[in-house]
Amino acid sequence: MAADATPPGAATVVRDDPYEIAAFLRTKPASALPGIGPKTARTLARYGITSVGDIADTLLPTLQRILGTTAARLAHDRARGIDERPVVPGAAPRTMSASRRFDRDELDPDQHHRTVLGLVQDLGGRLRTSGEIAQVLTLAVTYADRAQTTRTRILAEPTDHTPALAATARDILTSLGLQRARVRSISLRAERLLPAEDTVHQLTLDARDDKLRSLETALDKAATRYGPGIAGAASTFPRAG
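Residues numbered from 1 in each chain as written. Predicted model: local features only at pLDDT ≥ 70, side-chain atom pairs only at ≥ 80, totals over all residues. Heavy atoms only, no water.

**Q** Could you give me a rundown of the nonpolar core, with the residues and numbers involved?
**A** If you look at the biggest cluster of nonpolar residues, it comprises 28 residues, and the most contacted ones within it are L137, L139, L178, V183, I186 and L188. If you list the elements that add at least two residues to this core, you get β1 (96–106), α6 (109–130), β2 (132–143), α7 (162–176) and β4 (183–191). Beyond its immediate sequence surroundings of up to four residues, L139 is in contact with V116, T149, T150, R151, I172, L173, L176, I186, S187 and L188. Counting residues in each nonpolar core, the second largest holds 19 residues, with V52, A56, A71 and A75 among its members. (Core = buried A, V, L, I, M, F, W, Y, C linked by side-chain atoms within 4.5 Å. Buried < 20%, exposed > 50% of the residue type's maximum accessible area, 1.4 Å probe, protein only. Helix = DSSP H or I, 4+ residues; strand = E, 2+ residues; numbered from the N terminus. Contact = heavy atoms within 4.5 Å.)

If you want it as structure tokens, here you go:
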């Protein structure tokens, strides 16, 4: 967090002192805390919890009713400066990618769409297998003349959930306007990966979301047992409405 708050060429030093740590943390917005994405920050704000100090001051049982038991404890500890993860200086953010090269230049927008959904399912399954979540998606399209267009989007919440990844990937694809493009290949890259346990997943009362996650687990098991592709493409999942 100190590094994120520091401009290039400068340094921010937070001494190992409870008062100095609290002074640094408490005024930061809730979204500055590792694992708290914009969506979760908005949910917390509805309860008047807008800063890291507010998270630290909120009783743990109250926070658990909002975020769930594990996520609340993680956020509560970090808001008070407790984080057992080791610091790895200079560690490059991990990425994971999937790509598809067409046998011929592909002009069909529906085929572009199906290809992106297939790449999403591939990445989602691999993220869940490796126990990681993505913060960013990058879509790259290479054309017949070898020119390339690349678009990057920050995810609303770090995730490995295929429907959430698919919604963002579809938005990127739509923004490219490939209706008449002669596409040679499409690649999708998940970036700024984090261990899955480092995120705070917002609780939801949406039964549809729970069903999608159950379906996702079943498809992962089928892919593990029978091989990739046996469960169908990501189009199995309904579009977010």
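**Q** I'd like a rundown of helix α4 (residues 60–67), residues and numbers included.
**A** Buried within α4 are the following residues: L60, L63, I66 and L67. Projection of α4 onto a plane perpendicular to its axis shows the buried side chains occupying an angular sector of 120 degrees, all on one side. Backbone geometry just after α4 places G68 at a positive phi near 100 degrees. (Arc of directions from axis to C-beta.)

**Q** Just give me the short version of the confidence of the model for the chain, but keep the residues and values in it.
**A** For the chain, mean pLDDT is 84; residues scoring 70 or higher make up 79% of the total. Within the model, the stretch residues 233–241 combines pLDDT values under 50 with 21 contacts to residues more than four positions away or in other chains. (pLDDT = per-residue confidence, 0-100.)

**Q** Residues and numbers for the environment of A5, please.
**A** Structurally, A5 is set in the segment before α1 (18–26). Sequence-wise, A5 and K28 are 23 residues apart; in three dimensions their C-alpha atoms are separated by 9.8 Å.

**Q** How would you explain the packing of aromatic side chains if you had to name every residue and give the values?
**A** Within a pair of aromatic rings, the relevant descriptors are the distance that separates the centres and the angle that separates the planes. Taken as a whole, this structure holds zero aromatic pairs when the rule is applied. Its guanidinium or amino end placed over the ring of F24, K28 lies 3.9 Å from that ring's centre, counting from NZ or CZ. (Phe/Tyr/Trp six-rings, centres within 6.5 Å; stacked < 30°, edge-to-face > 60°. Lys NZ or Arg CZ within 6 Å of the ring centre and 35° of its normal.)

**Q** Provide a residue-level description of the pattern of salt bridges, including the pertinent values.
**A** Within the structure shown, the criterion is met by nine salt bridges. Where D77 meets R80, a salt bridge forms, and the shortest distance between an N and an O atom there is 2.9 Å. On the accessibility criterion, D77 (24% relative accessible area) is partly exposed. Classification of R80 by relative accessible area gives partly exposed; the value is 41%. Its salt-bridge partner being R189, residue E191 comes within 2.6 Å of it at the nearest N-O pair. The class for E191 is buried, based on a relative accessible area of 16%. (Salt bridge = Lys/Arg side-chain N within 4 Å of Asp/Glu carboxyl O.)

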